[in-house]
Amino acid sequence: MTEPKFAIGDRIRHVSMGHHGVVVAVDREHSAVHDANDLSLNPEIRGNPWYKVTLEDEHGEQVDSYLSESQIDAE
């Protein structure tokens with residue numbers, strides 16, 4: 001299991017979408033509790049840190065999302 005790179009309160013950016021946000025929860029590995037879409041991912045990705053983040057979308061609206069560490073970067 002990998003140590004999480006980010007902590008609650010860290011400002012992040014979604015790698016592919018460019019949206020900015022804030023980490024609101026950290027899971028050491030994938031948790032179905034935070035994943036409304038119940039993503040069917042390979043075990044290697046599920047075993048990495050996951051983050052519940054509040055992002056600002058293209059309309060300036062706040063959106064909660066559950067993202068793997070590979071999907072976010074430091075702002």
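Report follows, based on the coordinates. (Residues numbered from 1 in each chain as written. Predicted model: local features only at pLDDT ≥ 70, side-chain atom pairs only at ≥ 80, totals over all residues. Heavy atoms only, no water.)

### Focus: the side chain of Thr 54
Our working rule: Under the DSSP-based scheme used, a helix requires at least four consecutive residues in state H or I and a strand at least two consecutive residues in state E, with every element numbered from the N terminus. Think of a polar contact as two N or O atoms within 3.5 Å of one another; within protein, one of them needs to be a possible hydrogen donor and the other a possible acceptor, and neighboring residues in sequence only count if both atoms come from side chains. The contact rule is simple, with two residues in contact once any of their heavy atoms fall within 4.5 Å.
Considering the arrangement of structural elements, one finds Thr 54 in strand β3 (residues 50-56). At a separation of 2.7 Å, a polar atom in the side chain of Thr 54 contacts the side chain of Asp 64. Residues contacting Thr 54, with those up to four places away along its chain left out, are His 20, Gly 21, Val 22, Val 24, Gln 62, Val 63 and Asp 64.

### Some words on the nonpolar core
In plain terms, the rule: In plain words, nonpolar cores are sets of buried Ala, Val, Leu, Ile, Met, Phe, Trp, Tyr and Cys residues tied together by side-chain atoms within 4.5 Å. The rule is simple: take the accessible area with a 1.4 Å probe, protein chains only, and divide by the maximum for that residue type; under 20% is buried, over 50% is exposed, in between is partly exposed.
Membership of the largest hydrophobic core is limited to eight residues, which are Phe 6, Ile 12, Val 23, Tyr 51, Val 53, Leu 55, Leu 67 and Ile 72. With three residues, the single largest contributor to this core is β3. When near neighbours in sequence (up to four residues on either side) are disregarded, Phe 6 contacts Ile 12, Val 23, Val 26, Tyr 51, Glu 69, Ile 72, Asp 73 and Ala 74.

### As for the pattern of salt bridges
Convention followed: Here, a salt bridge means any Lys or Arg side-chain nitrogen found within 4 Å of an Asp or Glu carboxyl oxygen.
Under the counting rule described, the total for this entry stands at three salt bridges. Among the ionic pairs, Arg 28 bridges to Glu 3, the shortest N-O distance being 3.1 Å. Placement of Arg 28 in the loop between β2 (20-27) and α1 (43-46) and of Glu 3 in the segment before β1 (11-14) is noted, with a sequence separation of 25 residues between them. A relative accessible area of 41% means that Arg 28 is categorised as partly exposed. The class for Glu 3 is exposed, based on a relative accessible area of 54%.

### Some words on the packing of aromatic side chains
Our working definition: The pairing test for Phe, Tyr and Trp rings, Trp by its six-membered ring, is centres within 6.5 Å, and the orientation test on the planes gives stacked under 30 degrees, edge-to-face over 60, and tilted for anything in between.
Going through the model one piece at a time under the given rule, you end up with two aromatic pairs. Taking 5.6 Å as the distance between ring centres and 80° as the angle between the ring planes, the aromatic pair formed by Phe 6 and Tyr 51 counts as edge-to-face. In this pair, Phe 6 is assigned in the segment before β1 and Tyr 51 in strand β3, connecting sequence segments 45 residues apart. You can call Phe 6 buried: its relative accessible area is 7%. Measuring from ring centre to ring centre gives 5.1 Å for Trp 50 and Tyr 66, while their planes differ by 25°; the resulting arrangement is stacked. With Trp 50 in strand β3 and Tyr 66 in strand β4 (residues 62-68), this residue pair connects regions lying 16 residues apart in the sequence. Per residue, the accessibility class of Trp 50 equals that of Tyr 66, and both read buried.

### Examining the sheet that holds β2
The strands making up a sheet associate through hydrogen bonds between their backbones, and the pairing can be parallel or antiparallel. Selection criterion: The pairing criterion is simple: DSSP has to find at least two bridges between the two strands. Every axis in this analysis is a line fitted to C-alpha atoms, fitted for helices over the stretch in contact. Angles between the N-to-C directions lie between 0 and 180 degrees.
Strand order in this open sheet of five strands is β4-β3-β2-β1-β5, and the pairing throughout is antiparallel. At either margin of the open sheet sits one strand with a lone partner, and together these are β4 and β5 (72-74). Sheet twist, expressed as the average angle between the axes of neighbouring strands with direction ignored, equals 45°. In terms of strand pairing, β1 meets β2 through three bridges, oriented antiparallel. Along β2, the bridge assignment pairs Ile 12 with Gly 21.

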